[in-house]
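Spelled out from the first residue to the last, the chains are:
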Amino acid sequence: QHSGHSFKPLDEEYEIHKKKITDEIKALKLRLEELNGLKRDINKNVDTVKYAKDDREVEMRTVYDNMVKKLESQLKSKLDTLKGQKISICNETEFLEKILETVERELKQKSKSELISSVGHLMDMFSKVHDTPMTNFASAPVPADFISEIVPKYQSATFCLKNFSMLKRKADPVYSSHLNCSGIKWRLKVYPDGNGVARSNYLSVFLELVEGVSETSKYEYKVEMLQHRSARSISNVVREFASDFEVGECWGYNRFFRLDQLEEGGYLDPEEDSVILKFHVRPPTFAQKCRDQTWYISQLEESQSHHIEQLSNLKLSLKERARGSQDTQPPARDVIVEEEVSDDPHIDRTENSIEANDMNLTRNVDELYDDLPSSGINAEYGGTETGVSSLQRAATTQRISKV
């Protein structure tokens, strides 16, 4: 029954298996120790993150407290200005009230002869009042704007829709000029007769991102319709929102304002037949504004490199054409030598012919320079409005004279 089997002592086999289990236990304990070490590292990391958050919170609170102090300082300055304006007006009103009280009392209490004798005194008081013009008290309103260190300021542009009645009959969209906001280009897209379901009933106004970064980005914007009969902005219609824009995309309002209420509300100027819109755009954070400016700088640098390359190609072409013109001219050195030793009138005619050729060559080079774009030459050499500096022309003429 046990043929072919080998037998070992029980104790020996026990020790072998016990050693395997012991080795595994050691490996598991080592693994457990490593896991506990990783857990301790994570706990330390958690504490580090929390401490960093607390430190950043302290920084932010400090910055916030400083910004609040600055706001309070701005508010105090504005209120002091308003207080000064108010005190000036109050002093003048008190002075007028006293004069009125004095005059009315004299009118009631004095006899006719006494009143006639005091007219000079009363007129002196009246003249003192009129010596101070009302413009001294009509101060400009203090703007209710405060500088923010968290959110950038709006950048704005105005769009006047002239011949509004004609634009409304066409039913086509009209576009404003571009507003450059940190290198990002915007424009208003307006449907004078409404867009889509709002056609013939509402003025439709949209903001379009014309040129900007490739990624979708959120921007805050306001569209404002100005009331031509009032200088106070409180009477204007304002729509404010924030949207995620892609290049070429529009966001806005199909039902911006009812067309039949434009003139009644004072937003359509019947004499000029115009409606004035003002639009404001800003990135929500300074970090995004810096990103936009960085993108714009890279676009400018790329454009600059392209222009420099074009200029280099033009300079190379100019040299090749000038060299080709020089190669076509007859050699002049022998003729000049002959002129020095000969009185033959034929030589004089040859000399005149060579000078004429030199002048033609100089004129050809000038024409080549004139063919170059003036902006590129000016940027590289600081040339005149014609595109080429007198120093360049002189250098070219000098090279020709050596031929």
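Scroll up to find the structure.
Residues numbered from 1 in each chain as written. Predicted model: local features only at pLDDT ≥ 70, side-chain atom pairs only at ≥ 80, totals over all residues. Heavy atoms only, no water.

This part takes up the overall build of the protein. The secondary structure content of the protein amounts to nine helices and nine strands. Split into buried and exposed, the 403 residues of the protein put 25% on the buried side. Restricting to contacts in the protein with at least 6 residues of sequence separation, those with at least 24 account for 67%. Of the roughly 28,600 Å² of accessible surface on the protein, a fraction of 54% belongs to carbon and sulfur atoms. (Helix = DSSP H or I, 4+ residues; strand = E, 2+ residues; numbered from the N terminus. Buried < 20%, exposed > 50% of the residue type's maximum accessible area, 1.4 Å probe, protein only. Contact = heavy atoms within 4.5 Å. Areas by Shrake-Rupley, 256 points an atom, 1.4 Å probe, with all protein chains shown as cover.)

On the surface, Leu-71, Leu-75, Leu-79, Leu-82 and Phe-146 cluster together to form a nonpolar patch covering roughly 400 Å² of accessible area. In this structure Leu-82 comes out as partly exposed when scored by relative accessible area, which is 36%. (Patch = residues over 30% accessible without salt bridge, like charges linked within 9 Å, V, L, I, M, F, W, Y side chains within 5 Å. Salt bridge = Lys/Arg side-chain N within 4 Å of Asp/Glu carboxyl O.)

Take the pairing of strand E9 (residues 275–282) next. Within E9, six of the eight residues are buried, leaving the element largely enclosed by the surrounding structure. Relative to E9, strand E6 (residues 217–225) runs antiparallel, the two sharing six bridges. Paired with Lys-222 across the two strands is His-280, which belongs to E9. (Pairing = 2+ DSSP bridges.)

This next bit is on the side chain of Ser-217. Within the fold, Ser-217 resides in strand E6. Polar contacts involving the side chain of Ser-217 include one to the main-chain carbonyl oxygen of Glu-215, which spans 3.3 Å. Residue contacts for Ser-217: discarding those within four places in its chain leaves Ser-243, Asp-244, Phe-245, Gln-288 and Arg-291. (Polar contact = N/O pair within 3.5 Å; in protein donor to acceptor, adjacent residues only side chain to side chain.)

For the rest of this paragraph, the subject is the sheet that holds strand E1 (residues 155–161). Sheet architecture is open: four strands sit in the order E1-E9-E6-E7, paired in antiparallel fashion. Edge positions in the open sheet fall to E1 and strand E7 (237–245), since each of these has one partner strand only. Each strand of the sheet is rotated relative to its neighbour by a mean of 20°, with strand direction disregarded. Note: E1 against E9, seven bridges, orientation antiparallel. Its bridge partner being in E9, Gln-155 is matched across the sheet by Val-281. (Axes fitted to C-alpha atoms, helices over the stretch in contact; angles between N-to-C directions.)

Our focus in this paragraph is helix H1 (residues 10–109). In a regular helix each residue adds 1.5 Å, so 100 residues correspond to 148 Å; H1 covers 142 Å between its end C-alpha atoms and thus fits that length. For H1, every residue scored as buried is listed here: Gly-37, Met-67, Gln-74, Lys-78, Glu-92, Ile-99, Val-103 and Glu-106. Where H1 is buried, its residues contact helix H2 (112–117) and helix H3 (119–131). (Expected span 1.5 Å × (residues − 1).)

Let us now look at the nonpolar core. What tends to happen in soluble globular proteins is that the nonpolar side chains get buried as a cluster. Grouped together as the largest cluster of nonpolar side chains are 35 residues, with contacts concentrated most on Trp-186, Leu-188, Val-190, Met-225 and Phe-256. In this view, Trp-186 contacts Ser-177, His-178, Leu-179, Cys-181, Leu-207, Glu-208, Leu-209, Val-210, Tyr-219, Phe-245 and Val-281; residues no more than four positions away in its chain are not counted. Core analysis: the second largest hydrophobic core is formed by five residues, Ile-99, Val-103, Met-125 and Val-129 among them. (Core = buried A, V, L, I, M, F, W, Y, C linked by side-chain atoms within 4.5 Å.)

Before going further, it helps to examine the environment of Trp-251. Secondary-structure assignment places Trp-251 in strand E8 (residues 250–258). A relative accessible area of 36% places Trp-251 in the partly exposed class. Not counting chain neighbours up to four residues away, the residues in contact with Trp-251 comprise Phe-206, Leu-207, Tyr-221, Ser-243, Asp-244 and Phe-245. Reaching out from Trp-251, the side chain makes a polar contact with the backbone oxygen of Asp-244 at a distance of 2.9 Å.

Any aromatic ring pair is given by two values, namely how distant the centres are and how the planes are angled relative to each other. The tally for this structure, following the rule as stated, stands at seven aromatic pairs. Summarising the aromatic geometry, the rings of Trp-186 and Phe-245 are spaced 5.0 Å apart at their centres and angled 90° between planes, so their arrangement reads as edge-to-face. Here Trp-186 is found in strand E4 (residues 184–191), whereas its partner Phe-245 is found in strand E7, with 59 residues between them in sequence. A relative accessible area of 0% places Trp-186 in the buried class. For Phe-245, a relative accessible area of 0% gives the class buried. One aromatic cluster in this structure is built from Trp-186, Tyr-219, Tyr-221 and Phe-245. If you follow Lys-78 out to its NZ or CZ, it ends over the ring of Phe-146, 5.4 Å from the centre. (Phe/Tyr/Trp six-rings, centres within 6.5 Å; stacked < 30°, edge-to-face > 60°. Lys NZ or Arg CZ within 6 Å of the ring centre and 35° of its normal.)

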